[in-house]
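# Architecture at a glance
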Amino acid sequence: MTETLPNGEPEDALPHELTEAIEKPSEVEHGPIISFEHVNIAFGGRPVLEDVSFTVDRGQTLCILGRSGVGKSVTLRLLMGFLKSDSGSIHVENKEITELDEEGMREIRKRVTMVFQNGALFDSLSVRENVAFPLRERGGLAEDQIEQIADRLIEMVGADDVVESLPASLSTGRKRAVAIARALAAQPDVVLYDEPTTMVDPLIAKRLGNLIQRLKKQLGFTSIVVTHDMRFAERLADTVLFLHQGRAAYFGPLQGFITSGDINIQQFLTLDAYELPLSPGG
Ligand SMILES: Nc1ncnc2c1ncn2[C@@H]1O[C@H](COP(=O)(O)OP(=O)(O)OP(=O)(O)O)[C@@H](O)[C@H]1O
Ligand SMILES: [Mg+2]
């Protein structure tokens, strides 16, 4: 089934102005764009991640799966430098980030942006101004270009009917869609999504999934998606990191995860992962 955007464009095509306005992620000579090597972190003496290693290649989507409290969000926060690991190394585009100060991390956060669950939007700015914010910060764009790009991003995530609204008036799904538009306006290489489909209706979940897929196919974005929703993961993931009791119990291709004979993975797949309702058509 081919869906169309409200303006009639087929959904698998990104708007022309957008693909021109959003630079393709920068190239790196070799190696994965993200790597964790033997990462450990404990809180109050309680280990949360133990000896966790994984990599993400440029243009790929990694889904991080696992039960509540296993450290999925912690993994993303380590990558953003909001938390520091106790040991191990974390590389972003070949740069070791565990020793970076706040100034150094600011540079990394231009390459790696996170879409927070609550959207983390600026309350006093309209949807359009929220999305325009990173474009303004970047500089070099005329006011009408900024508005045009912001509006196209907002349209692309299906929030064009609320461009003038303040975030407080939006539903959770809308806030998240707007947060994705804002993240993309910052032109990152890697986008991190923490539970993008929880608390949104199935249609919005499907739209967000399509959007993440299009960004990958057409603009070469690298994504890390934390999700409870196995159907969502199956549609998006190239590779899977399954965290269980603090460890990377599985890291590898999606197919190997689904067909794994590992008892913990089997249990997760049968008991936890499919309890959410099916998205329409998905
Ligand atoms: N800043 C912190 N200080 C102390 N403990 C923390 C901190 N951040 C996370 N934790 C603990 O680390 C564990 C892992 O948390 P995390 O938020 O990563 O889980 P999760 O896998 O994302 O779970 P969920 O699926 O419920 O979102 C939890 O027990 C949490 O209480
Ligand atoms: Mg979490």
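Residues numbered from 1 in each chain as written. Chains lettered and ligands numbered in written order. Predicted model: local features only at pLDDT ≥ 70, side-chain atom pairs only at ≥ 80, totals over all residues.

## As for the overall build of the protein
When helices and strands are counted, the protein shows ten helices and ten strands. Per-residue burial over the protein gives 40% buried out of 282 residues. Residue pairs at least 24 apart in sequence account for 68% of intrachain contacts in the protein once pairs closer than 6 positions are excluded. (Helix = DSSP H or I, 4+ residues; strand = E, 2+ residues; numbered from the N terminus. Buried ≥ 20, exposed ≤ 12 C-beta atoms within 10 Å, placed from the backbone. Contact = placed C-beta atoms within 7 Å.)

## Looking at the sheet that holds strand 6 (residues 112–115)
An order of 6-7-8-3-9-10 is seen for the six strands of this open sheet, with the pairing classed as mixed. Only two strands of the sheet have a single neighbouring strand rather than two, namely strand 6 and strand 10 (247–253). Along the sheet, successive strands turn relative to each other by an average axial angle of 15 degrees, direction set aside. Bridging between strand 3 (residues 61–65) and strand 9 (residues 239–244) involves four bridges; their strand directions are parallel. What sits directly across from Leu-65, in strand 9, is Phe-242. (Pairing = 2+ DSSP bridges. Axes fitted to C-alpha atoms, helices over the stretch in contact; angles between N-to-C directions.)

## Brief notes about the nonpolar core
One finds Leu-153, Val-157, Val-178, Ala-181 and Leu-192 to be the most contacted residues of the largest nonpolar core, which totals 75 residues. Looking at which element gives the most residues to this core, the answer is helix 6 (residues 172–185), with eight residues. Those residues in contact with Ala-181 that lie beyond four places of it in its chain are Val-131, Leu-153, Ile-154, Met-156 and Val-157. (Core = buried A, V, L, I, M, F, W, Y, C linked by C-beta atoms within 7 Å.)

## Re the site of ligand 1
Residues in contact with ligand 1, as listed here, are Phe-43, Val-48, Gly-66, Ser-68, Gly-69, Val-70, Gly-71, Lys-72, Ser-73 and Val-74. In terms of residue count, helix 2 (residues 72–80) provides more of the shell around ligand 1 than any other element does, three residues in total. (Near = placed C-beta within 6 Å.)

## Looking at the pairing of strand 7 (residues 190–194)
Burial analysis of strand 7 places five of its five residues in the buried class, which makes it a mostly covered element. What you see with strand 7 is no split at all: Val-190, Leu-192 and Asp-194 on one side and Val-191 and Tyr-193 on the other are buried throughout.

## Notes on unusual backbone geometry
Its identity is not glycine, yet Gln-187 carries a phi of approximately 55 degrees, on the positive side. Tracing the sequence through the fold places Gln-187 in the loop between helix 6 and strand 7. Residue Gln-187 is classed as buried on the basis of its 20 C-beta neighbours within 10 Å. Positive phi, normally seen in glycine, also occurs at Gln-245, with a value near 50 degrees.

## Here's the deal with the sheet that holds strand 2 (residues 46–56)
The antiparallel open sheet is built from four strands, whose spatial order is 2-1-4-5. On the outer flanks of this sheet lie strand 2 and strand 5 (95–96), each paired with one strand and no other. Alignment of strand 4 (residues 87–92) against strand 5, held across two bridges, turns out to be antiparallel. Paired with Val-92 across the bridge in strand 5 is Lys-95. Most of the contacts of helix 2 go to strand 1 (residues 34–43), to which it runs at about 115 degrees, and overall it touches strand 1, strand 2 and strand 4.

## Focus: the environment of Glu-137
Among the secondary structure elements, Glu-137 is positioned in helix 4 (residues 127–138). Take Glu-137: there are 10 C-beta atoms within 10 Å of it, and that puts it in the exposed class. Once the C-alpha coordinates of Glu-137 and Ala-186 are considered, the two residues, 49 residues apart in sequence, prove to be 8.6 Å apart.

## Structural notes on helix 5 (residues 143–156)
With 14 residues, helix 5 extends 20 Å from end C-alpha to end C-alpha; this agrees with the ideal 20 Å at 1.5 Å per step. Taken residue by residue, helix 5 has Ile-146, Ile-149, Ala-150, Arg-152, Leu-153, Ile-154 and Met-156 as its buried positions. Directly after helix 5, the chain includes Gly-158, whose backbone phi takes a positive value near 75 degrees. (Expected span 1.5 Å × (residues − 1).)

## Observations concerning the packing of helix 4 against helix 5
Contact geometry of helix 4 with helix 5 gives a least axis separation of 9 Å together with a crossing angle of 120 degrees. Judged by the inter-axis angle, helix 4 sits oblique to helix 5. For helix 4 against helix 5, the interelement crossing comes out right-handed. Contact with helix 4, carried on its side by Val-127, Arg-128, Val-131, Ala-132, Leu-135 and Arg-136, involves Ile-146, Glu-147, Ile-149, Ala-150, Asp-151, Leu-153 and Ile-154 of helix 5 and no other residues of that element. (Parallel < 35°, antiparallel > 145°, perpendicular 65-115°, else oblique. Left-handed = near helix turned anticlockwise from the far one by under 90°.)

## Quick word on the environment of Gly-252
For Gly-252, the location among the structural elements is in strand 10. Take Gly-252: there are 13 C-beta atoms within 10 Å of it, and that puts it in the partly exposed class. Sequence separation of Gly-252 and Val-240 is twelve residues, and the distance between their C-alpha atoms is 5.6 Å. With near-sequence residues (within four places) excluded, Gly-252 lies in contact with Thr-239, Val-240 and Phe-257.

## With respect to the pairing of strand 4
As paired elements, strand 1 and strand 4 share five bridges and run antiparallel to each other. Paired with Ser-35 across the bridge in strand 4 is His-91. Counted between consecutive antiparallel strands, the loop separating strand 4 from strand 5 contains two residues, among which Glu-93 sits at a positive phi close to 50 degrees.

Interpretation note: all reported values are geometric properties and have no functional meaning in isolation.
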